[in-house]
Amino acid sequence: MSKKRLSMRKIKEVLRLYYEKGLSQNAIAGVCRIARSTVQDYYRRFQAAGLTWPLPDTLGEVELNTLLFPPPTIKKDKTPPDWAAIHKELARKGVTLQLLWQEYIHNFPQGYQYTRFCQLYRQWAKSHKLSMRQRHKAGEKLFVDWAGQTMPITDPMTGVVSQAQIFVAAWGPSNYLYAEATGDQTLENWLSAHVRAFRFYDGLPEIVVPDNPKVAVTSPCRYEPDLNPAYQELAIHYDIAVVPARVRKPQDKSKVEVGVQVIEHWALAPLRDRIFFSLAELNQALAEQLQSVNNRPRSGLNQSRLELFELIDQPALRPLPPTDYEMAHIVKVRVDPDYHVRLEEHFYSVPYRLVRQVVEIRFASRVVEIYHGGQRVASHLRQHEPGQTSLPEHMPKAHRQMLEWTPSKLILWAGDIGPDTQKMIQGIFERPQHPEQNYRSGLGFLQLEKKYSRLRLEKACSRALHFGLSTYKQVRAILKSGQDILPLPSAISEDNSCPTHANIRGAQCYR
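Before going into details, it helps to say that this report is about the structure given with it. What you see is a predicted model, and the numbers here were worked out from it, not measured in a lab.

## Quick look at the packing of aromatic side chains
- In the structure shown here, the tally under the stated rule is 26 aromatic pairs.
- Ring centres of W146 and W190 lie 5.6 Å apart, and the angle between their planes is 45 degrees; on these two criteria the pair is classed as tilted. In this pair, W146 is assigned in strand 1 (residues 141-146) and W190 in helix 8 (residues 187-201), connecting sequence segments 44 residues apart.
- A relative accessible area of 8% places W146 in the buried class.
- Summarising the aromatic geometry, the rings of Y178 and Y201 are spaced 6.4 Å apart at their centres and angled 65 degrees between planes, so their arrangement reads as edge-to-face. Highlighted residues: Y178 in strand 4 (residues 177-182) and Y201 in helix 8, separated in sequence by 23 residues.
- Its relative accessible area of 8% is what places Y178 among the buried residues.
- Here the aromatic cluster, defined as three or more aromatic residues joined through ring pairs, consists of W83, Y104, F108, F117, Y121 and W124.

## With respect to the sheet that holds strand 10 (residues 340-343)
- The three strands lie next to each other as 10-11-15, forming an open sheet whose pairing is mixed. Looking at strand neighbours, the two that pair on one side only are strand 10 and strand 15 (387-389), the edges of this open sheet. This sheet shows a mean twist of 25 degrees between the axes of neighbouring strands, independent of strand direction.

## Focus: the nonpolar core
- F167, L191, Y201, L234 and I263 are the most contacted members of the largest nonpolar core, which has 56 residues in total.
- Among the elements that take part in this core, helix 8 stands out by supplying eight residues, more than any other.
- Setting aside chain neighbours within four positions, we find L234 in contact with L191, H194, V195, F198, I240 and Y325.
- Counting 20 residues, the second largest nonpolar core, distinct from the first, contains M424, I428, V475 and L479.

## Some details on the sheet that holds strand 13 (residues 367-372)
- Overall, antiparallel pairing links the four strands, which are arranged 9-12-13-14 in an open sheet. Because the sheet does not close on itself, it has two edges, and the strands there are strand 9 (329-334) and strand 14 (375-381). The average angle at which neighbouring strand axes cross in this sheet is 25 degrees, direction not considered.
- As paired strands, strand 12 (residues 358-363) and strand 13 are joined by four bridges and run antiparallel to one another. Along strand 13, the bridge assignment pairs F363 with V368.

## Structural notes on the environment of D41
- In this structure, D41 sits in helix 3 (residues 36-48).
- Overall, D41 belongs to the buried group, its relative accessible area being 17%.
- As for D41 and L68, which are separated by 27 residues in sequence, their C-alpha atoms are 9.9 Å apart.

## Side note on the pairing of strand 10
- Relative to strand 11 (residues 346-349), strand 10 is paired through four bridges, and the arrangement is antiparallel. What sits directly across from L343, in strand 11, is H346.
- The turn joining strand 10 and strand 11, which pair antiparallel and follow one another in sequence, is formed by two residues; a positive phi near 60 degrees is taken by E344.

## Concerning the pattern of salt bridges
- Across all of its chains, the model carries 13 salt bridges by this definition.
- D484 is the partner of R456 in a salt bridge, and the nearest nitrogen-oxygen pair spans 2.9 Å. With R456 in helix 17 (residues 454-466) and D484 in the segment after helix 18 (472-481), the pair connects residues that are 28 residues apart, well separated along the chain.
- Look at D484 and you get buried, because its relative accessible area is 3%.
- Connected through salt bridges with shared partners, the residues E233, R362, E369 and R376 form a single ionic network.

## Looking at the pairing of strand 14
- By the bridge criterion, six bridges tie strand 13 to strand 14 in an arrangement that is antiparallel. Across the sheet, I370 pairs through a bridge with A378, a residue of strand 14.
- With antiparallel pairing between neighbouring strands as the criterion, strand 13 and strand 14 make up a hairpin whose turn holds two residues, including G373 at a positive phi of roughly 65 degrees.

## Some points on a positive patch on the surface
- Together, K451, K473, R476 and K480 give the surface a local cluster of positive charge.
- Sorting elements by how many residues they give to the positive patch places helix 18 first, with three residues.
- Structurally, the position occupied by K480 is in helix 18.

Calculation rules
Residues numbered from 1 in each chain as written. Predicted model: local features only at pLDDT ≥ 70, side-chain atom pairs only at ≥ 80, totals over all residues. Heavy atoms only, no water. Phe/Tyr/Trp six-rings, centres within 6.5 Å; stacked < 30°, edge-to-face > 60°. Helix = DSSP H or I, 4+ residues; strand = E, 2+ residues; numbered from the N terminus. Buried < 20%, exposed > 50% of the residue type's maximum accessible area, 1.4 Å probe, protein only. Pairing = 2+ DSSP bridges. Axes fitted to C-alpha atoms, helices over the stretch in contact; angles between N-to-C directions. Core = buried A, V, L, I, M, F, W, Y, C linked by side-chain atoms within 4.5 Å. Contact = heavy atoms within 4.5 Å. Salt bridge = Lys/Arg side-chain N within 4 Å of Asp/Glu carboxyl O. Patch = residues over 30% accessible without salt bridge, like charges linked within 9 Å, V, L, I, M, F, W, Y side chains within 5 Å. Areas by Shrake-Rupley, 256 points an atom, 1.4 Å probe, with all protein chains shown as cover. Lys, Arg positive; Asp, Glu negative; His and termini not counted. Charge placed at Lys NZ, Arg CZ, Asp CG, Glu CD.

Here it is, written out as C-alpha cells:
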C-alpha cells in the first residue's frame, strides 16, 4: 500500500475524530500517533480547501489529495531568507521556525508562506549537515540517559514533596525499554540503575552508550572521554565498554532520546494525577506502565518492542556474572602500630610491614579491601559491630606463636614449672570474666617466666597463694620486689589468748 494512501486514511481519521467525536487536537494527536502541529495542518488545509464534513462519496482520494496539497506555485519575486542566520537563531532558547517566519513575512510581505518556508529550511539544513544513519547490531548497544521529566514523591509524615528522577534504557535494534525512578541523580543511583537494568534484561550488551552527565564522565571529549572511576569499575565488572555520546550530538543516542519521549508520554503522563508516597510505590506503577509500552505494537510494525527484543537482541546477549556490581567507597587511613586499620567501629588487620603506612580502604556492604600502592594487600568480610578481625598471616612471627597458645596449653606449661604455678593459672581461667581477659593474663605469666626464670616464678606463685593473691600484677610485684626469695612465715598460732606484758592493760583499766 502506498504511503500517500496511508496518509489519506490518516487525514480522514483525523477529520472524523474532530467532527464526529469532538476530540481535542491533543487527543487526536495521541490516538493517531502524530504531532499536534500535523493535526492543525490537516485541519487548516481542510478549511482552506472549502470542504465540509462528511466528505461526498464522489470525492476520490486523488481529488482530495489535490485539494489539500496543491502543488506549490513559486513566484520569481519572492525574497529568499538568510537560511544560515535562521539556523543560528534556532539554536537560541525559545526560538521557533514559526516565530522566525513571522519576522520574515513582516519584512517581506510577498515572501514564502509558512509551509513552504519550513520545507525550504529543511532542504537547506539537510544539504549543510550530513549525518550517517545509525545501524545497530543485535545485542550490541544499550543506550541510557536520565529523563527530563521528574515525578513528585510526597512524604506521608511531613507532606514535603520531592522530585524523583527517571532513568531510561533502550536497546538499539528492538527499542526495548527499561525505566525506573530514583531519589536523585547521584553516582550511586546511576550505577545501581544500570545493575537493575541488566537484571531486567537478564543479559549484557557489548557497549553502553550514555550521555555526558557528570556522574558518568569526568572529562568530556569527542575521542577519549574520561569516565568516572566507579563507572569504569562497573564496566570492568561486567566486561562491557562504555562509549559516551559525542557532546551536542543527540543523534549518537537517538534511541534513548526517543525512548525518553515514549516513557514520558505513555508511562509518566498517565500517572500524572496519582499521588505517590514512596519510590517503591512509584516504581511499581511505572513497571506496570512500562510493561504496557513494551507490549504495545509499534507504529507501522506488527510486532511489539518485547517481541522484537526476544527475536533480535535477547539471543545475542552475554550472560550476567554470578554477582551484581556493588559500588564501593574509598577512604585513606594510616595503619596503627598494632597493624590494624579502623573502619567505623571495627578494626581490620593488614600485613605488619605496613605499620604507619597510608593505605586505601575500599569497602562495600559485604567486603572490605585494603590497597597499598595500587595492590590489594588484605581482604575481609565487612563487620558492622564493634570488634576486631585479624588474620594470622598478617602478624609477626612472635605474635603468631603467642596466638597458638590455648588455655589448655597454658595450664600444661604451668604444670611443667610447678604445682603452685599451675594452681595460679587454673584459678585465672576459672574467673567469671571474658575468656579473652583470662587468656591475656595467662600470657602475662608466660612473659614472667622468660624474665625471671621458672624457679622464681614458682616461688612467687607459692607466696601469692599463701597470702590469697591471685592476679598477674600481684605476682609480678612479688618478683619485682624480690619477695619471692624470702622464706614464707610460719603458720599463725591457733591460740587466740592475749599475751602477758607489763605494757598491756586489762579490761579492768577501762571501768
